[in-house]
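Summary of structural features
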Amino acid sequence: MFRAAVRLSVSGVRSITRTQPGCQALLASRGYSHGKQETDEEFDARWVTYFNKSDIDAWELRKGMNTLIGYDLVPEPKIVEAALKACRRLNDLASAIRILEAVKDKAGPHKDIYPYLIQELKPTLEELGISTPEELGIDKV
Amino acid sequence: MMLRLTAGRVGSLVARRAAVALTTSSARMASHGHEVSEAVDMSKPMYWDRREIPLPDKRYKDILTPADKSLKEKEKGPWGQLSNEEKLALYRLSFCQTYPEMNQSSSEWKTVVAGVLYCIGLTGLVIIWQTAYVSPPAPRTFDAEWQAKQVKRMLDMRVSPIEGFAAQWDYEKGQWK
């Protein structure tokens, strides 16, 4: 139903067929007709493992986040949670806030994704003491 | 410092020559640091505000004041103990613009459209002046009298008599159909 109404890229259309906000993370779809396609769960697990590395360094965090934001999807809450915990291990609060801004920006016109994400991340945000951009007042110009 | 130590330790001619070369180049770089023009060194990691690159290669503010440094120390502890102002200060140390600031639209397009229309208008004025003062007089074939004679000649020789020009002329009544 939404496919006709919403004009999205090829991989983006796949996300809209599952209308509940729980399933946003997609396979990084490549244009291969051969080979096994990675499932959503495998994709999520791979990224969670990446950010969960206990001795992750700042470069790896930056590289991971920039790559993840480059994909045509909004990351699952569990991936963002792993990234925020990595920021904590690196003592980098600014990057944590920046990550929240970035995933909100990724959602684009779909305004219901970010509140869902924050709702799922609430325990982590409280545990680590991360303020959302809204709480700091930087969500408006 | 470190270069001199290395040269001392290794002691070979090559190392000393390399160390000298490095120190002179670093001395040159030091003297260049206070020049007037601030050329961006693109061989080093750069900072930029881009939607698709949330975490740029380097922090925004390179030089930290003692207050900034103490804030950075406090950042190593629980973040719940930081006030909102401190959190904001930490954000602004690492980043120049927030996402909304980055994404805000500007009124530049109005200036662009105005400029384009202005240039087109100016060109129009130039062309008007040109037709008045530069272009030679029109050929005599443009005169009304000549044109009338031309039409009569075309009708007389029945130009496009089936569906075109002469077909529109009523030859019995001597007028256009």
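In short, a report on the structure.

Criteria and cut-off values
- Residue numbers here run from 1 along each chain, matching the order of that chain's written sequence.
- Each chain gets a letter, beginning with A, and each ligand a number, beginning with 1, in the order they are written.
- Local features are withheld for residues below a pLDDT of 70 in this predicted model, meaning they are given only at 70 or higher, and side-chain atom pairs are given and counted only at 80 or more; totals for whole chains, interfaces and linings count all residues.
- Neither water nor hydrogens contribute to the side-chain values; these are computed over all heavy atoms in the structure.
- Helix and strand labels come from DSSP, where a helix needs a run of H or I of at least four residues and a strand needs a run of E of at least two; each type is numbered from the N terminus.
- Relative accessibility under 20% of the residue-type maximum defines a buried residue, over 50% an exposed one, and the middle range a partly exposed one, all with a 1.4 Å probe and only protein chains included.
- The contact rule is simple, with two residues in contact once any of their heavy atoms fall within 4.5 Å.
- Buried area: the accessible area, evaluated with a 1.4 Å probe, that two parts lose upon being put together, summed over both parts.
- N or O atoms within 3.5 Å of each other form a polar contact, as long as, within protein, one can give a hydrogen and the other can take it, and as long as residues adjacent in sequence are counted only when both atoms are side-chain atoms.
- Each residue gets one label: Ala, Val, Leu, Ile, Met, Phe, Trp, Tyr, Cys and Pro are nonpolar, Asp, Glu, Lys and Arg are charged, and the others, such as Gly, are polar.
- Axis definition: a line fitted to C-alpha atoms, over the contacting stretch in the case of helices. Angles run 0 to 180 degrees between N-to-C directions.
- Note on angle classes: values under 35 degrees are labelled roughly parallel, values over 145 roughly antiparallel, values of 65 to 115 roughly perpendicular, and the remainder oblique.
- Note on convention: near helix rotated counterclockwise from far helix by under a right angle means a left-handed crossing. Clockwise means right-handed.
- Joining through side-chain atoms within 4.5 Å is the link that ties buried Ala, Val, Leu, Ile, Met, Phe, Trp, Tyr and Cys residues into a set, and such a set is a nonpolar core.

What follows is about the overall build of chain A. The number of helices and strands found in chain A is eight helices and zero strands. Looking at chain A as a whole, 48% of its 141 residues qualify as buried. Long-range contacts, defined as pairs at least 24 residues apart, comprise 60% of the intrachain contacts of chain A with a sequence gap of at least 6.

So, about the interface of chain B and chain A. Listed per partner, the contact involves 31 residues of chain B and 28 residues of chain A. Summing both sides of the interface, chain B and chain A together bury roughly 2,500 Å²; the carbon and sulfur share of this comes to 59%. Applying the counting rule to chain B against chain A returns 16 residue pairs in polar contact (both at pLDDT 80 or more). Mapped onto the side of chain B that touches chain A, the elements with two or more residues apiece are helix 4 (84–94) and helix 5 (99–103) of chain B. Of all the elements, helix 4 of chain B adds the most residues to the side of chain B that touches chain A, at six residues. Broken down by class, the residue content of the side of chain B that touches chain A amounts to 15 nonpolar, eight polar and eight charged.

Right, let's get into the packing of helix 6 (residues 93–107) of chain A against helix 7 (residues 113–128) of chain A. All names here are of chain A. The contact between helix 6 and helix 7 brings their axes to 9 Å, and the two run at 155°. Classified by the interaxial angle, the pair formed by helix 6 and helix 7 is roughly antiparallel. When the axes of helix 6 and helix 7 are compared, the crossing they make is right-handed. Contacts from Leu 100, Val 103, Lys 104 and Ala 107 of helix 6 reach helix 7 at Ile 113, Tyr 114, Leu 117, Ile 118, Leu 121 and Leu 125. The residue makeup of the contact of helix 6 with helix 7, split by class, is nine nonpolar, no polar and one charged.

So, on to the packing of helix 3 (residues 66–75) of chain B against helix 4 of chain B. All names here are of chain B. Where helix 3 meets helix 4, the axes come as close as 11 Å, and the angle between the chain directions of the two elements is 110°. Compared by their axis directions, helix 3 and helix 4 come out roughly perpendicular. Where helix 3 crosses over helix 4, the two elements pack in a sense that is left-handed. Every residue of helix 4 that contacts helix 3 at Asp 68, Leu 71, Lys 72, Lys 74 and Glu 75 is listed here: Glu 86, Ala 89, Leu 90, Leu 93 and Ser 94. Across the contact of helix 3 with helix 4, the residue classes break down as four nonpolar, one polar and five charged.

In this section: the nonpolar core. Judged by nonpolar contacts, the single largest core of 47 residues is most densely connected at Phe 51, Met 65, Leu 68, Leu 84, Leu 100 and Ile 130 of chain A together with Trp 79 of chain B. Elements supplying a minimum of two residues to this core: helix 3 (40–51), helix 4 (58–70), helix 5 (77–89), helix 6 and helix 7 of chain A together with helix 4 and helix 5 of chain B. Per-element accounting of this core gives the leading share, eight residues, to helix 6 of chain A. Setting aside its immediate chain neighbours within four residues, Leu 100 of chain A contacts Leu 84, Tyr 114, Ile 118, Leu 121, Leu 125, Ile 130, Ser 131, Thr 132 and Pro 133 of chain A.

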